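Observations on chain architecture
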Amino acid sequence: MKVFRSVDEVPEGFGPSAVTIGKFDGVHSGHRAVIGRLREVAADRGLTAAVVTFDRNPLELIAPAKCPASLVSNDQKLDLLAGTGIDATLMVAFDRALAELEPEEFVRRILVDRLHAAVVLVGSDFRFGHRGAGDLALLRELGGDYGFGVELIDDVRPEHGRRVSSTWIRELLADGDVAHAAELLGHVPAVRGVVVHGAARGRELGFPTANLSPESEGLIPADGVYAGWLTDGEETYPAAISVGNNPTFEGVPHKQVEAYVLDRELDLYGHRVQVSFVQRIRGMVAYQGVEPLIAQISDDVERARSILSAEPA
């Protein structure tokens, strides 16, 4: 997949293309439905399949107090988009200049002059241009003026009519329901970060953990213990994962992610790893003393082993 990080990076002669536009936070199953149709249209018509997305949630600029946490970082998003098989992604900086573009100017500068769009695919809630003034009807009108078609993609509604959305997935992660979140995402939720030195309590207890830096990428689920995977480069290992402030001990940073790789000890300090959450085992509990804690961790490890034995890495 080609990646362009500004409109100016798109080369002359790009396209003609089939394009979809959106935040694509999490690249969830609703996004994947749009992208799947995008690829079909591109293949049928001999077009380049391209996604236009933004380097931040527009609310971060327009209404910071209302801006939710992102499900994934930009690098995670690009990796997930690459995995869908599209040809190119244009990640536009959502700055004041872009926010103030009138709808027609947005269409002309990006879709027409740069991407040479032949067809644009969008969801029902698509808005574009200054203050979201552009909607589906205006996009179709502009398509008639500039020579591109517009196709509406139906929402994905797997349960009780609720539309798959990043908001719903955030709610599930806040509850620790990573298994349900994975169903809506179409992939296992994950965070990335550099392994740093911790207090070495896990090692003292017989369960050495890889501690992620607080500056990790991706939305961390609710405090608790999870079965999941740790990926270091090309290698993926089964792991029991702790998220939280470890209430048995004082002075542990909030939302610390620690992964105990099952059955082997690895030197991962300084490595950039990915920790993926398959299923929640339990919430966080404060134990009176070390022995009950060791017994509980041993049980957590066995439950993680059982869960992961039935799950592909």
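Quick note: structure is the one above.
In this report, the structure presented in the accompanying data block is examined. Please read all numbers here as calculations on a predicted model, not as lab measurements. (Residues numbered from 1 in each chain as written. Predicted model: local features only at pLDDT ≥ 70, side-chain atom pairs only at ≥ 80, totals over all residues. Heavy atoms only, no water.)

1. So, the pattern of salt bridges
Enumeration over the complete set of coordinates arrives at 17 salt bridges. A salt bridge links Glu302 to Arg305; the nearest nitrogen and oxygen atoms lie 3.1 Å apart. Here Glu302 and its partner Arg305 are both found in helix H10 (residues 290-309), three residues apart, which amounts to about one turn of the helix. On the accessibility criterion, Glu302 (44% relative accessible area) is partly exposed. Residues joined by salt bridges that share partners form a network here, namely Glu105, Arg108, Arg109 and Asp113. (Salt bridge = Lys/Arg side-chain N within 4 Å of Asp/Glu carboxyl O. Helix = DSSP H or I, 4+ residues; strand = E, 2+ residues; numbered from the N terminus. Buried < 20%, exposed > 50% of the residue type's maximum accessible area, 1.4 Å probe, protein only.)

2. Focus: helix H6 (residues 136-146)
Of all the residues in H6, the buried ones are Leu136, Leu139, Leu142 and Gly143. Within H6, the buried residues cover an arc of 120 degrees as seen down the axis, which keeps them to one side. Every exposed residue of H6 that faces more than 90 degrees away from the buried side is listed here: Ala137, Glu141, Gly144 and Asp145. Considering only its buried residues, H6 is in contact with helix H5 (103-112), strand S5 (117-123) and strand S6 (149-153). (Arc of directions from axis to C-beta. Contact = heavy atoms within 4.5 Å.)

3. Some details on the pairing of strand S2 (residues 17-21)
Consecutive side chains along a regular strand alternate between the two faces of the sheet. Among the five residues of S2, five are classified as buried, and the element is accordingly described as predominantly covered. Side chains Ser17, Val19 and Ile21 project from S2 onto one buried face, and the interleaved Ala18 and Thr20 project onto a second face that is buried too. Here S2 pairs with strand S3 (residues 48-54) via five bridges, running parallel. Bridge pairing in S3 places Ile21 opposite Val52. The parallel pair S2 and S3, bridged by helix H1 (residues 29-45), forms a crossover whose chirality is right-handed. Inspection of the sheet shows S2 paired to S5 by four bridges, in the parallel sense. Residue pairing in the sheet places Ser17 in a bridge with Ala117 of S5. (Pairing = 2+ DSSP bridges. Right-handed = clockwise from strand over helix to strand, strands pointing away.)

4. Let's talk about the side chain of Asp300
Locating Asp300 in the fold gives a position in helix H10. In this structure, Asp300 is in contact with Val225, Ile281 and Arg282, ignoring residues within four places of it in sequence.

5. Considering the sheet that holds S5
Read from one edge to the other, the open sheet built from six strands follows the order S1-S4-S3-S2-S5-S6, with strand pairing classed as parallel. Looking at strand neighbours, the two that pair on one side only are strand S1 (2-4) and S6, the edges of this open sheet. Adjacent strand axes in the sheet meet at a mean angle of 20 degrees, parallel and antiparallel pairs treated alike. Bridge analysis of S1 against strand S4 (residues 88-92) gives three bridges, and the strand direction is parallel. When the sheet's bridge partners are listed, Phe4 is paired in S4 with Leu90. Across the sheet, H1 lies against S2, S3, S5 and S6, angled at about 160 degrees from S5, the strand it touches most. Together, S2, S3, S4 and S5 form the strand contacts of H5, whose direction differs from that of S2 by roughly 130 degrees. (Axes fitted to C-alpha atoms, helices over the stretch in contact; angles between N-to-C directions.)

Read these as geometric descriptors, not functional statements.
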